[in-house]
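Residue-level structural notes
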Amino acid sequence: MDVQQKISKNEKKNQRQQQDSQSQQPSSSLYLTNAVFFGLFFSAAYFLLNRWREKIRTSTPLHILTVSEIVAVVSLIASFVYLIAFFGTAFIIHYDDDEDEVVDNSAKPTGGVVPKKLPMLPPPKISDQKVMSMEDEEVVGAVVSGSIPSYSLESKLGDCRRAAKIRNQAVERVTGRSLEGLPMKGFDYDSILGQCCEMPIGFVQIPVGVAGPLLLDGNEYTVPMATTEGCLVASTNRGCKAIYVSGGASAVVLRDGMTRAPVVRFNSAKRASQLKFFLEDPQNFDSLSHTFNKSSRFARLQSIKATMAGKNLYTRFTCSTGDAMGMNMVSKGVQNVLDFLQTDFPDMDVIGISGNFCSDKKAAAVNWIEGRGKSVVCEAVIKEEVVKKVLKTSVESLVELNMLKNLTGSAMAGALGGFNAHASNIVSAIYLATGQDPAQNVESSHCMTMMEAVNDGKDLHISVTMPSIEVGTVGGGTQLASQSACLNLLGVKGASKETPGANSRQLATIVAGSVLAGELSLMSAIAAGQLVKSHMKYNRSNKDVTKVAS
């Protein structure tokens, strides 16, 4: 009986193959019909897409159709139905042939049953109540299998430290690579939940050194610096000493305002210019300021500057933000203003809350010229004997080197805000130690170092001009235990109760003063030909403590 069924199936298969071979020779009329419907489908789709894009630009309702658009819609649907009917039927027939072939093959004697391959199904989710009662090993297995999403461990377990530990083990199993050496213990994972870092698996240790005392505006500061670069803290410390014995440095904050610049679009450049004039009109500033300031107790709108690119408008809002660095604060204020403007400018299309005219975490001329965050100038006069005894060089050599290296050399390189020796070294180290956003080192390190001989050429006047130091003493990483301790060491922890913003401005001056010390010391080392020798001494591993100390 099985043989007869097999013969009949083979006969049916041969007949079908003969029919297929005949059907695979379509007439020229069928080719022409298919070509017409293909062309009709894509032509109608292209026409409708262009029409809908134009309606969106002109704010015309999409559901209002012209005669030509109705004809295009009907043509699109008709051609789509034809193509689905023609090719869909052929696909179904071909799929049935394949299925028959699979059945025929499975009828062959193989000595066992050939199971049909089933589609892969996602693993079943595990309830939160059950996760709480599971052992760590069970949870790790569930994370690896996908039954428990890695990102949800904190909420499901209710224990941030346990979640980090389990995620650590799951990552090792999934990647097949060891995480030995990445510490887990000794960190408060609850403190970063929802604000500093997602899906933690441990923490990275960065040594913190101190330079100082830095004598700045009559106050002494011991400056914490988190770095893995040898010689950096030692060099900055030497600069602090030179400043201290010369009577100290002084600093002034020229501006204090965080920025955010949304980009909006209109149907025409003329319409965009109307909003530009409206925003820059002094008579409108009070209403805009009132709307902006509602976003926070500390946010205070200072200025608005708008510029155009065709029919696109970029508006740079500047505001004070108290002791916070202020990015979130200014963004909320800008959103309030955009919502307020939508009433009088309903055709305004908000493309993005940030249009890079701010400009955040990028080297930009607008920050170098206009400033962002705190704009600080710090200066000191270093006595001749200090230059010779402590810095091991001469005033004349330092002035010449600064002109040829920091000014001329940087200009030859086309530098943007980079007219200094290594300002970013000190800025990054202090930022890491005090919980600032390390990515903002980009614009915060904009610095021009100036040196000139004073007092009849005997003493050295040195200054650093830093127009965009972006720091805060509240929010972000500043509330973490280690970073909070470093802020406390500087006496600027938290918000100033007497004068909002005083602590963050003080921190900005400390950053500038430390950069001044670092610039002074490094330039002296280069002028004296000691740079390579110093790095060989302090930037190489040496287990002999006595040799390092000497």
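Throughout what follows, the structure given in this document is the object of discussion. (Residues numbered from 1 in each chain as written. Predicted model: local features only at pLDDT ≥ 70, side-chain atom pairs only at ≥ 80, totals over all residues. Heavy atoms only, no water.)

With that out of the way, let us pick up the overall build of the protein. When its secondary structure is counted, the protein shows 20 helices and 11 strands. With 550 residues in all, the protein has 40% of them scored as buried. Sequence separation of at least 24 residues holds for 70% of the intrachain contacts in the protein that already meet a minimum separation of 6. Total accessible area on the protein is roughly 30600 Å²; 57% of this is exposed by carbon and sulfur atoms. (Helix = DSSP H or I, 4+ residues; strand = E, 2+ residues; numbered from the N terminus. Buried < 20%, exposed > 50% of the residue type's maximum accessible area, 1.4 Å probe, protein only. Contact = heavy atoms within 4.5 Å. Areas by Shrake-Rupley, 256 points an atom, 1.4 Å probe, with all protein chains shown as cover.)

This paragraph deals with empty space enclosed by the protein. Under the criterion given, the structure shown has two cavities of 30 Å³ or more. Considering only enclosed or pocket space, the largest cavity measures out at about 50 Å³ in volume. Lining the largest cavity are Pro 262, Val 264, Leu 275, Leu 279, Leu 313, Thr 315, Phe 317, Leu 338, Leu 341 and Met 348. Of all the secondary structure elements, the ones that give two or more residues to the lining of the largest cavity are helix H9 (269-280), strand S6 (312-320) and helix H11 (327-344). (1 Å grid on protein atoms, 1.4 Å probe; cavity = no way out; pocket = protein on both sides within 12 Å on 5 of 7 lines; lining within 4 Å. Points joined across faces, edges and corners; volume = space filled by probe spheres on them.)

For the structure shown, the criterion picks out six aromatic pairs. Seen in terms of ring centroids, Phe 266 and Phe 345 are 6.3 Å apart; in terms of plane orientation they differ by 75°. Their pairing is edge-to-face. Of this pair, Phe 266 sits in the loop between strand S4 (263-265) and H9 while Phe 345 sits in the loop between H11 and strand S7 (349-352), and the two are 79 residues apart along the sequence. Residue classification places Phe 266 among the buried positions, given a relative accessible area of 2%. When its relative accessible area of 6% is taken as the criterion, Phe 345 is described as buried. Aromatic ring contacts, followed pair by pair, group Phe 187, Tyr 189 and Phe 203 into a single cluster. (Phe/Tyr/Trp six-rings, centres within 6.5 Å; stacked < 30°, edge-to-face > 60°.)

Every other side chain in a regular strand lies on the same face of the sheet, so the side chains alternate between the two faces. Pairing analysis gives two bridges linking strand S9 (residues 418-419) to strand S10 (residues 447-454), with the strands arranged parallel. When the bridges of S10 are listed, Gly 418 appears paired with Cys 447. Inspection of the sheet shows S10 paired to strand S11 (residues 459-469) by seven bridges, in the antiparallel sense. Directly across from Ala 453, in S11, lies its bridge partner Leu 460. What sits between S10 and S11 in their antiparallel hairpin is a turn of four residues, with Asn 455 showing a positive phi close to 55°. (Pairing = 2+ DSSP bridges.)

Further remarks concern a nonpolar patch on the surface. There is a patch of nonpolar side chains on the surface, built from Leu 49, Trp 52, Leu 65, Ile 70 and Val 74 and spanning about 460 Å² of accessible area. Among the secondary structure elements, those contributing two or more residues to the nonpolar patch are helix H2 (28-58) and helix H3 (67-106). Tracing the backbone through its elements, the reader meets Val 74 in helix H3. (Patch = residues over 30% accessible without salt bridge, like charges linked within 9 Å, V, L, I, M, F, W, Y side chains within 5 Å. Salt bridge = Lys/Arg side-chain N within 4 Å of Asp/Glu carboxyl O.)

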